[in-house]
Amino acid sequence: AQKVTQAQTEISVVEKEDVTLDCVYETRDTTYYLFWYKQPPSGELVFLIRRNSFDEQNEISGRYSWNFQKSTSSFNFTITASQVVDSAVYFCALSELYNTNAGKSTFGDGTTLTVKP
Amino acid sequence: EAQVTQNPRYLITVTGKKLTVTCSQNMNHEYMSWYRQDPGLGLRQIYYSMNVEVTDKGDVPEGYKVSRKEKRNFPLILESPSPNQTSLYFCASRLGGKNTEAFFGQGTRLTVV
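Bear in mind that the values here come from a model prediction, so they are computed numbers and not experimental data.

**Student:** A description of the pattern of salt bridges should follow, citing residues and the corresponding values.
**Tutor:** What the rule picks out here adds up to 7 salt bridges over all chains. A salt bridge links A:Arg50 to B:Glu101, with the nearest nitrogen and oxygen atoms 2.4 Å apart. Of the two residues, A:Arg50 sits in strand β6 (residues 46–52) while B:Glu101 sits in the loop between β9 (87–94) and β10 (103–104), which places them in two different chains. Residue class for A:Arg50 comes out partly exposed when judged on its relative accessible area of 34%. A salt bridge links B:Arg36 to B:Asp38; its shortest N-O distance comes to 2.8 Å. When salt bridges with common partners are traced through the structure, they connect A:Arg51, A:Asp55 and A:Glu59 into a single cluster.

**Student:** So what about the state of the cysteines? Which residues, and what values?
**Tutor:** Think of a disulfide as a covalent bridge from one cysteine sulfur atom to another cysteine sulfur atom. Considering all chains together, one arrives at 2 disulfides over all chains under this definition. With a sulfur-sulfur separation of 1.9 Å, A:Cys23 is cross-linked through a disulfide to A:Cys92. Taking the torsion about the sulfur-sulfur bond, which here is approximately -65°, the covalent link between A:Cys23 and A:Cys92 counts as left-handed. Here A:Cys23 is found in the loop between β3 (19–21) and β4 (24–26), whereas its partner A:Cys92 is found in strand β10 (residues 88–96), with 69 residues between them in sequence. For the pair A:Cys23 and A:Cys92, a shared accessibility class is recorded, and that class is buried. The disulfide partner of B:Cys23 is B:Cys91, and the S-S distance across this bridge is 1.9 Å. Around the S-S axis, the bridge from B:Cys23 to B:Cys91 shows a dihedral of about -75° and counts as left-handed. Placement of the pair is B:Cys23 in strand β3 (residues 19–25) and B:Cys91 in strand β9, with a sequence separation of 68 residues.

**Student:** Quick one: what's the story with the pairing of β3(B), residue by residue and with numbers?
**Tutor:** When a strand is regular, its side chains alternate between the sheet's two faces. All names here are of chain B. Burial analysis of β3 places 5 of its 7 residues in the buried class, the great majority of the element. In this structure, β3 lies alongside strand β8 (residues 76–78), joined through 3 bridges in antiparallel fashion. Paired with Leu19 across the strands is Leu78, a residue of β8.

**Student:** Let's hear about the packing of aromatic side chains: which residues, and what values?
**Tutor:** According to the stated counting rule, one finds 19 aromatic pairs over all chains in the structure shown. Arranged with centres 5.0 Å apart and planes meeting at 5°, the rings of A:Trp66 and A:Phe77 form a pair that is stacked. Within this pair, whereas A:Trp66 is found in strand β8 (residues 64–69), its partner A:Phe77 is found in strand β9 (residues 74–79), the two being separated by 11 residues in sequence. Residue A:Phe77 is classed as buried on the basis of its relative accessible area, which comes to 0%. Taking 6.3 Å as the distance between ring centres and 80° as the angle between the ring planes, the aromatic pair formed by A:Phe91 and A:Phe107 counts as edge-to-face. In this pair, A:Phe91 sits in strand β10 while A:Phe107 sits in strand β11 (residues 106–107), placing the two residues 16 residues apart along the sequence. Of the two residues examined, A:Phe91 and A:Phe107, each falls in the buried class. Grouped by ring-pair contacts, the aromatic residues A:Phe35, A:Tyr37, A:Phe47, A:Phe91, A:Phe107, B:Tyr35, B:Phe90 and B:Phe104 constitute a single cluster.

**Student:** Could you give me a rundown of the interface of chain B and chain A, with the residues and numbers involved?
**Tutor:** At the interface, 24 residues of chain B touch 24 residues of chain A. Our enumeration of links across chain B and chain A arrives at 1 salt bridge. Looking at the side of chain B that touches chain A, the elements with two or more residues in it are β4 (31–38), β5 (42–51) and β9 of chain B. Among the residues forming the side of chain B that touches chain A, the class breakdown is 10 nonpolar, 9 polar and 5 charged.

Rules and cut-offs
- Residues numbered from 1 in each chain as written.
- Chains lettered and ligands numbered in written order.
- Predicted model: local features only at pLDDT ≥ 70, side-chain atom pairs only at ≥ 80, totals over all residues.
- Heavy atoms only, no water.
- Salt bridge = Lys/Arg side-chain N within 4 Å of Asp/Glu carboxyl O.
- Helix = DSSP H or I, 4+ residues; strand = E, 2+ residues; numbered from the N terminus.
- Buried < 20%, exposed > 50% of the residue type's maximum accessible area, 1.4 Å probe, protein only.
- Disulfide = S-S within 2.5 Å.
- Pairing = 2+ DSSP bridges.
- Phe/Tyr/Trp six-rings, centres within 6.5 Å; stacked < 30°, edge-to-face > 60°.
- Contact = heavy atoms within 4.5 Å.
- Nonpolar A, V, L, I, M, F, W, Y, C, P; charged D, E, K, R; others polar.

The quantities given are spatial measurements derived from coordinates; they are silent on function.
The structure is reproduced here in structure tokens:
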């Protein structure tokens, strides 16, 4: 069965610190897709990144970077030089190709990141 | 502007009083889903729809109904709400299948007393 584990329930850092949010997944499928979403205090869910299981290249977007490692079933998210505006709940999600529910992603429980000034 | 619109944003109701939360998307997406978000449980899928008149149960469908009569609309119906359905609800749509990201509505915070 598919499962996404975000072991860090809450993380608190001081502004300008780097922080890594962990995501470990389980799947029987060889083809799958991983996502990260951000939920700021205002409550909406915002898409950050998508990665497919065949593409293990790390990605960097400004202060954000993602490290995908199939060998450890992990898709970790690092924020460099964190800012107060990064304070949010971050969700990692998984979609499996074989799953007949084409509209579904399985979400982790989320990591609440607090960046203090 | 591409968006998913949910209404209402906030709702307090009493046990047993039928209610409907509307969801509409303007992106011509085929796939739509409803999720509920509860502390420590992440987002759990309630129902999903792959196209007009095609709906199916997600992980936690008990106590909910949906319909998809038009591509853009996917209302969530609680026929007889109970306090354990107090939650934050999100509607989501996606263009294609599993490789596409979901667009979420603003959320509906429902309290059943």
